[in-house]
Amino acid sequence: MSSPLRGPTVKRRTLLVATFSTFAASVFMTVRKILEFAGAPLGEKQSDFVFPRPAQPALARAATPADSTIAFAQRGGFINDASHLNRTGVYGIVNIGNEADVRNALQFARERGLKVTAAGQRHSMGGQTFVENGLVLDMHGLHRITIDAAAKTVNVQSGAVWADVQRALDAHGLSVKAMQSINIFTVGGTLSVNAHGIAHDPGPIAPTVKSLRVMLTNGEIKTASPSLNPDLFRHVLGGYGLCGIILDVDLDVVDNEMYERHTTYMGYQEFADFYKQHVDGNTAVGLVYGRLSVSPSSYLREAAIHVYQRTPYSGPLPALVPDSHDALQRFVINFSKTGSLGRRVRWILEKSVEPKIHTCGGDSGVCLVSRNQEMYDSMHYLENRLRDTDILQEYFVPYDRMSEFVDGLRTVVQRTGANLLNVTIRIVHRDTVTALPYARQDMFGFVLYFNLGFNEPQSRVLEQTTRELIDVALAAGGAFYLPYQLFYSLAQLRQAYPEIDRHFAAKRKYDPIDLLSNKFYQKYGRDSLSA
C-alpha cells in the first residue's frame, strides 16, 4: 500500500519543477534578449523589403566581362542604402582609385547611355546615391589627405572618411571646423548635402570650403571657389552630386583645444531664450547641441543643452580614443525601441549615468574633453543585429518658432504612432553660400530618429508622419532636409526650397547630356522640367 503523503509530495515536486522550468526559461529569454539588444552586428544588414514599392520589379542590366575599360567591383546585382528600404538593381559598381578612373567611367557611361551616380557611405536614404540600372562610382579609393599646418588648411579627396581626416589633423594639433556629428561619412558625401553637426559656428560645412575640384560629365576638371567659377561652386555644394563629380576639396581647419562640458536641463519653451542668452555670440563656446526627452513623463517637453566652453589647458592634449561603451549604449537604444519603459529608462540613464561614462578628463566632477575627442564619434552603437531599420529626418525652424514646431511634432507623432526614438537639436546659421540653402536665417535643426520594421504598415505610418511634419516646419517658417526618403511632394519641395527649379536648370547647364542622375532627381527634376 502506498503512503498517503506520496500524492501531495509528487504534486509539490511537479509544481517546483514547473516553477523552476518557467523561471529558467524566463531567465534564458531575458539573457537572450539582452545579448540580442547589446550585440554588435554579425554582418551587413540585408533586406529585400522596398518602400515605396516600385511599379516594376527591380531588374539589373548587368555589365559584361567584355566591359574591361573600367574596374568593376560589382557587375549587375543590387545596391541599397543605410535605410535598408531601397534595394535597387544597377548596371554595376565601379572602383575609383584616381581621376583617370572617373574620366573613363564617365566615358564608358556616355557610350552606353547609362546614368551615373557617385557614392560614398550611402547614408542618404532616398536613393540620392544611385538610380535603377545606373553606373555607381564607389569613390572610396580617392582618399588622400594633405595638411598645410601653417596655413591651417587641409586638402582631402572626396572618398576619404572623416575619421581618417580627424586622426591626421589630430597629429598636427588641428581639428575639423565643421562636419557631421558622426565621422563615418565620406568628405564628398558631406559636401554634396552641405552637412552640419555640433560645431555651431559655422554650422553647415559650406562656409569652411575654400575651393574644390569637380569633373564635369565631358571629363573636364574645373576648380571652383567663391571667386573662381562661383556659380558652379554654389551648385556643387549641397547639390546632391548632380552638377559634377567632386574630386577633392580645400578646407579651413582650426586648432584642437580643450573644453569644459556643461549640461543644463530646462523646459523646451525655455531653450531658445537660454541659447540666445548664454551661447549665441559667445566666443568662449566651441561646440553645442541639445536634446529633447522622449520619456513618457516629459515627452518632448524637457530639453537638455550640452555646452562645450573653452578652458585654459597646459601640456599636450590627450590622444584620440574610441568609445568603449558601445554594448551598453546599443542595449539602451534598442531597449528604448520597445516602448514607454525603455524610453523612460533611457532618459534617466542619459541624465544620471551618461555624464559618468562620457570620455572626459578633469577633477572635481568637471568634464574636460578635447574638440577632436568630442567630434570623434562613430556611433557604432546604432548598428545592431535586429530585423528593423532606423530612419533619420531633419527639420529647420527659426529660433523664435521652436515651441511652435515642437508642439506640432508632439501632436503629429502621438497621433500617427510613429516610433520616435530621439530628437537632437543643432544650430545652423544662415547659409549665404549654397544654391539650395536649408537655413535662410539662423535656425535650430531638429534631427529626428525613427525606428520601424521591414513592413508596409509601419512604413506608411512614417510616410504620413513625414508629410505632416514637413507641413508643421513650413508653417513655422522653416524647411526640411533633402538627403532622406522622398515622401514629400514637389509643392512642399518648392515651398521649402524656392531655388530648386533654378538648381535643376543649373544641373542641365553643367550636365547637358543628363548623364548624372539619382532617384531624387528622377522624381523631382523631371517634374520640374515638365512643369
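Residues numbered from 1 in each chain as written. Predicted model: local features only at pLDDT ≥ 70, side-chain atom pairs only at ≥ 80, totals over all residues. Heavy atoms only, no water.

Novice: Give a detailed account of the packing of aromatic side chains, specifying residues and quantitative values.
Specialist: By the definition in use, this model includes 26 aromatic pairs. On the basis of an interplanar angle of 85 degrees and a centroid distance of 5.9 Å, the ring pair of Tyr265 and Trp347 is categorised as edge-to-face. With Tyr265 in strand 13 (residues 258–267) and Trp347 in helix 8 (residues 340–352), the pair connects residues that are 82 residues apart, well separated along the chain. Overall, Trp347 belongs to the buried group, its relative accessible area being 7%. Judged by centre distance (5.1 Å) and plane angle (75 degrees), the rings of Tyr438 and Tyr481 are edge-to-face. Here Tyr438, found in the loop between strand 18 (419–428) and strand 19 (443–453), pairs with Tyr481, found in the loop between strand 20 (479–480) and helix 13 (490–496); they are 43 residues apart in sequence, far enough to count as distant. By the burial criterion, Tyr438 is buried, and Tyr481 matches it. Note that Arg87 overlies the ring of Phe78, its terminal NZ or CZ placed 3.7 Å from the centroid. (Phe/Tyr/Trp six-rings, centres within 6.5 Å; stacked < 30°, edge-to-face > 60°. Helix = DSSP H or I, 4+ residues; strand = E, 2+ residues; numbered from the N terminus. Buried < 20%, exposed > 50% of the residue type's maximum accessible area, 1.4 Å probe, protein only. Lys NZ or Arg CZ within 6 Å of the ring centre and 35° of its normal.)

Novice: Report on the environment of Gln180, specifying residues and quantitative values.
Specialist: Positionally, Gln180 belongs in the loop between strand 9 (174–176) and helix 4 (187–193). With 19 residues separating them in the primary sequence, Gln180 and Ala199 have C-alpha atoms 8.7 Å apart. With sequence-adjacent residues up to four places away left out, Gln180 is seen in contact with Trp162, Phe185, Thr190, Ala195, His196 and Gly197. Here Thr190 takes part through its side chain, which lies 2.6 Å from a polar atom of the side chain of Gln180. (Contact = heavy atoms within 4.5 Å. Polar contact = N/O pair within 3.5 Å; in protein donor to acceptor, adjacent residues only side chain to side chain.)

Novice: Kindly report on the packing of helix 7 (residues 326–336) against helix 8, identifying the contributing residues and their values.
Specialist: Remark: helix 7 packs on helix 8, axes separated minimally by 7 Å, with the N-to-C direction vectors making an angle of 140 degrees. Between helix 7 and helix 8, the angle falls in the class oblique. In contact with Val332, Ile333, Phe335 and Ser336 of helix 7, helix 8 contributes Leu341, Gly342, Arg343, Val345, Arg346 and Leu349. Its residues assigned to classes, the contact of helix 7 with helix 8 shows six nonpolar, two polar and two charged. (Axes fitted to C-alpha atoms, helices over the stretch in contact; angles between N-to-C directions. Parallel < 35°, antiparallel > 145°, perpendicular 65-115°, else oblique. Nonpolar A, V, L, I, M, F, W, Y, C, P; charged D, E, K, R; others polar.)

Novice: Break down the sheet that holds strand 4 (residues 92–95) for me, with residues and values.
Specialist: Pairing in this open sheet of four strands is mixed, and the strands run 1-4-6-5 from one edge to the other. Strands with a single pairing partner mark the edges of an open sheet, and in this sheet they are strand 1 (72–75) and strand 5 (116–119). Adjacent strand axes in the sheet meet at a mean angle of 20 degrees when their direction is disregarded. Across three bridges, the pairing between strand 1 and strand 4 is antiparallel. Within strand 4, the residue paired with Arg75 across the bridge is Gly92. Against the sheet, helix 2 (residues 99–112) contacts strand 1, strand 4, strand 5 and strand 6 (135–138), and its axis sits at roughly 180 degrees relative to strand 6. (Pairing = 2+ DSSP bridges.)

Novice: Account for the nonpolar core, with residues named and values stated.
Specialist: Ranked by size, the top nonpolar core spans 76 residues in total, and within it Leu420, Phe444 and Phe446 carry the most contacts. Excluding its chain neighbours within four sequence positions, the residues that come into contact with Phe444 are Phe271, Ala272, Tyr275, Tyr395, Phe396, Val397, Tyr399, Met402, Ile425, Arg426 and Ile427. Ranked by size, the runner-up nonpolar core spans 42 residues in total, among them Val187, Val209, Leu237 and Val249. (Core = buried A, V, L, I, M, F, W, Y, C linked by side-chain atoms within 4.5 Å.)

Novice: I'd like a rundown of the environment of Gly173, residues and numbers included.
Specialist: Examined against the element boundaries, Gly173 turns out to sit in the loop between helix 3 (162–170) and strand 9. Since its relative accessible area comes to 34%, Gly173 is described here as partly exposed. Each C-alpha atom, one on Gly173 and one on Ser459, is 45 Å from the other, the two residues being 286 residues apart in sequence. The contacts of Gly173, once residues within four sequence positions are left out, are Asp255 and Asn256.

Novice: Which residues make up the sheet that holds strand 18, and what are the values?
Specialist: Two strands in a sheet stick together by hydrogen bonds in their backbones, pointing the same way (parallel) or opposite ways (antiparallel). An order of 16-13-15-14-18-19-17-20 is seen for the eight strands of this open sheet, with the pairing classed as antiparallel. Lying at the two open borders of the sheet, with one neighbouring strand each, are strand 16 (367–370) and strand 20. Direction of pairing for strand 13 relative to strand 15 (residues 302–310): antiparallel, over a ladder of nine bridges. Residue pairing in the sheet places Tyr259 in a bridge with Arg310 of strand 15. Running at roughly 10 degrees to strand 19, helix 11 (residues 402–416) makes contact with strand 14 (285–292), strand 17 (388–398), strand 18 and strand 19 of the sheet.

Novice: Quick one: what's the story with unusual backbone geometry, residue by residue and with numbers?
Specialist: Between Phe51 and the following residue, Pro52, the backbone shows a cis peptide bond with an omega angle of -5 degrees. If you trace the backbone, Pro52 turns up in the loop between helix 1 (6–38) and strand 1. Across the junction of Asp201 and Pro202, the peptide omega takes the value 25 degrees, indicating a cis bond. Here Pro202 lies in the loop between helix 4 and strand 10 (209–215). Phi at Lys152 is positive, roughly 55 degrees, even though this residue is not glycine. The class for Lys152 is partly exposed, based on a relative accessible area of 32%. Although it is not a glycine, Asn194 adopts a positive phi angle of roughly 50 degrees. Looking at where Asn194 falls in the secondary structure, it is placed in the loop between helix 4 and strand 10. Residue Asn194 is classed as buried on the basis of its relative accessible area of 2%.

Novice: Quick rundown of the pattern of salt bridges? Include the residues and the values.
Specialist: Applying the stated criterion across every chain, the model contains 27 salt bridges. A salt bridge links Arg213 to Asp248, with the shortest nitrogen-to-oxygen separation between them at 2.7 Å. Of the two residues, Arg213 is situated in strand 10 and Asp248 in strand 12 (residues 245–255); the sequence distance between them amounts to 35 residues. What emerges from the salt-bridge pattern is a single network uniting Arg53, Glu456, Arg460, Glu463 and Arg467. (Salt bridge = Lys/Arg side-chain N within 4 Å of Asp/Glu carboxyl O.)

Novice: Could you give an account of the environment of Thr263, naming the residues involved and the relevant values?
Specialist: Mapped onto the elements of the fold, Thr263 is located in strand 13. Distance in space between the C-alpha atoms of Thr263 and Trp162 is 26 Å, their sequence separation being 101 residues. Apart from the residues lying within four places of it in its own chain, the contact partners of Thr263 are Ala304, Ile305 and His306. Of note is the side chain of Thr263, whose polar atom sits 2.7 Å from the side chain of His306.

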